[in-house]
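These are the residues of each chain, in order.
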Amino acid sequence: MLMTWGPGWGLFWGLIWAAFWIAAIIIIAVWLLRSELPRLQHRIGEPPALRLLEQRYARGEIPSEEFLERRAVLLQPPPQPQPPTAEPTEPIPPSQPSP
């Protein structure tokens, strides 16, 4: 006579094996791509103009003085908008009681 774990255990172990293989594939993919991931990431917070400037400097299209000057301009914080100034108004005179 064949001993079984009862109904439902086959489905349970099937799901466990599926989860194991999915996790194994993800781990292997991350392990194989770990050297490529830094190059694939977008540089967060860096403006595209700065990357273009760095590429032009790396290719030798612009001298270092021009690169440093333009880089300083690009890295400056944007100017803050000034709140509108209210022009002084004359006080409203008190109303006169009517006769």
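A brief structural summary.

1. Some details on the overall build of the protein chain
Then, in step 1: Secondary structure assignment for the protein chain yields four helices and zero strands.
Then, in step 2: N-terminal to C-terminal, the α/β element order of the protein chain is α-α-α-α.
Then, in step 3: Just so you have it, the protein chain exposes about 9900 Å², and 68% of that area is on carbon and sulfur atoms.

2. Remarks on the pattern of salt bridges
Pairing of side chains with opposite charge becomes possible as their charged atoms draw close.
Then, in step 1: Under the counting rule described, the total for this entry stands at three salt bridges.
Then, in step 2: Note that E61 is salt-bridged to R56, the shortest N-O span being 3.2 Å.
Then, in step 3: Of the residues examined, R56 reaches a relative accessible area of 26% and is grouped as partly exposed.
Then, in step 4: We note a salt bridge from R70 to E66, for which the minimum N-O separation is 2.8 Å. Taken together, the positions of R70 and E66, both in helix α4 (residues 64–75) and four residues apart, correspond to about one turn of that helix.
Then, in step 5: When salt bridges with common partners are traced through the structure, they connect R56, R59 and E61 into a single cluster.

3. Focus on the environment of E61
Then, in step 1: Counting through the fold element by element, E61 comes out in the loop between α3 (48–58) and α4.
Then, in step 2: A residue is classified by how much of its surface remains accessible, and E61, at 46% relative accessible area, is partly exposed.
Then, in step 3: Within the structure, the side chain of E61 is placed 2.9 Å from the side chain of R59, a separation counted as a polar contact.

4. Here's the deal with a nonpolar patch on the surface
Then, in step 1: On the surface, a nonpolar cluster with roughly 690 Å² of combined accessible area is contributed by F12, W13, I16, W17, F20 and W21.
Then, in step 2: As for its placement among the helices and strands, F20 is situated in helix α1 (residues 9–33).
Then, in step 3: The exposure class of F20 is partly exposed, given its relative accessible area of 45%.

5. Considering the packing of aromatic side chains
Then, in step 1: Applying the stated rule across the entire model yields four aromatic pairs.
Then, in step 2: Pairing W17 with F20 gives two aromatic rings, centres 5.6 Å apart and planes at 90°, and the pair type is edge-to-face. You can see W17 and its partner F20 sitting in helix α1, three residues apart, about one turn around the helix.

Cut-off values and rules
Residues numbered from 1 in each chain as written. Predicted model: local features only at pLDDT ≥ 70, side-chain atom pairs only at ≥ 80, totals over all residues. Heavy atoms only, no water. Helix = DSSP H or I, 4+ residues; strand = E, 2+ residues; numbered from the N terminus. Areas by Shrake-Rupley, 256 points an atom, 1.4 Å probe, with all protein chains shown as cover. Salt bridge = Lys/Arg side-chain N within 4 Å of Asp/Glu carboxyl O. Buried < 20%, exposed > 50% of the residue type's maximum accessible area, 1.4 Å probe, protein only. Polar contact = N/O pair within 3.5 Å; in protein donor to acceptor, adjacent residues only side chain to side chain. Patch = residues over 30% accessible without salt bridge, like charges linked within 9 Å, V, L, I, M, F, W, Y side chains within 5 Å. Phe/Tyr/Trp six-rings, centres within 6.5 Å; stacked < 30°, edge-to-face > 60°.

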